[in-house]
Amino acid sequence: MDLLIINLSDLLKGETSAQVLTSAILAILFLQSGLDKVFDWKGNFDWLKGHFEKSPLKGQVPFLLFVITIFEISAGLLSAVGVVFIIFAESTGLSLIGAQLSALSIVMLFFGQRLAKDYEGAATLVPYFILAILGILILG
């Protein structure tokens, strides 16, 4: 019980709450996005196939969709489990890896959007990238 009280009081500290909340938002973002790709594979595939039909990636859509799905789910799961570890074990290691995979996933998505000449779509990724980089800095 004392450990729980100590950890809950630590949550009130700015750094710890920032770590938990950043990890939580990355968990939500990437679990939702990754699981959407799993449960609506065909819809995502059809959209991406059309999106990339005039880009150098047009023949790689199935493989790239698989890769980004694995990265997003991994980033989300590590961030989610990392929240628990921050709270109960005072350890940021899993959340840090989750934030790093989040940033890498966004770089991959950004690359694809730019190659597809969807500059507006690429621009919407920048705030998420900044959040992931800030997460890396506060978790590292």
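You'll find the structure just up there.
Residues numbered from 1 in each chain as written. Predicted model: local features only at pLDDT ≥ 70, side-chain atom pairs only at ≥ 80, totals over all residues. Heavy atoms only, no water.

Draft legend 1. Fine view of the overall build of the protein chain. When helices and strands are tallied, the protein chain shows 6 helices and 0 strands. Its C-alpha atoms give the protein chain principal-axis dimensions of roughly 60 × 25 × 15 Å. Within the protein chain, buried positions represent 36% of all 140 residues. For the protein chain, long-range pairs separated by at least 24 residues make up 69% of all intrachain contacts whose partners lie at least 6 apart in sequence. Surface accessibility of the protein chain: about 8200 Å² in total, with carbon and sulfur atoms responsible for 72%. Separation of charge centres in the protein chain, based on 8 positive and 11 negative side chains, amounts to 16 Å. (Helix = DSSP H or I, 4+ residues; strand = E, 2+ residues; numbered from the N terminus. Buried < 20%, exposed > 50% of the residue type's maximum accessible area, 1.4 Å probe, protein only. Contact = heavy atoms within 4.5 Å. Areas by Shrake-Rupley, 256 points an atom, 1.4 Å probe, with all protein chains shown as cover. Lys, Arg positive; Asp, Glu negative; His and termini not counted. Charge placed at Lys NZ, Arg CZ, Asp CG, Glu CD.)

Draft legend 2. Fine view of a nonpolar patch on the surface. Taken together, the side chains of Leu104, Val107, Phe110, Val126, Phe129, Ile130, Ile133, Leu134 and Leu137 make up a nonpolar region of the molecular surface, amounting to roughly 740 Å² of accessible area. If you list the elements that add at least two residues to the nonpolar patch, you get α5 (93-115) and α6 (119-139). At 6 residues, the largest contribution of residues to the nonpolar patch is made by α6. Following the sequence through the fold, Val126 ends up in helix α6. The exposure class assigned to Val126 is partly exposed, which follows from its relative accessible area of 37%. (Patch = residues over 30% accessible without salt bridge, like charges linked within 9 Å, V, L, I, M, F, W, Y side chains within 5 Å. Salt bridge = Lys/Arg side-chain N within 4 Å of Asp/Glu carboxyl O.)

Draft legend 3. Expanded view of the pattern of salt bridges. On inspection of all chains with the given rule, the structure shows 2 salt bridges. Here Lys37 and Glu72 are joined by a salt bridge, their closest N and O atoms 3.1 Å apart. Pair noted here: Lys37 is in helix α2 (residues 14-39) and Glu72 is in helix α4 (residues 61-89), with a separation of 35 residues, a long-range link. Across the pair, Glu72 and Lys37 agree in class, each one buried.

Draft legend 4. Fine view of α4. Taking 1.5 Å per residue as the helical rise, α4 with its 29 residues ought to reach 42 Å, and the 40 Å between its terminal C-alpha atoms agrees with that figure. A positive phi of about 55° marks Glu90, the residue just after α4. (Expected span 1.5 Å × (residues − 1).)

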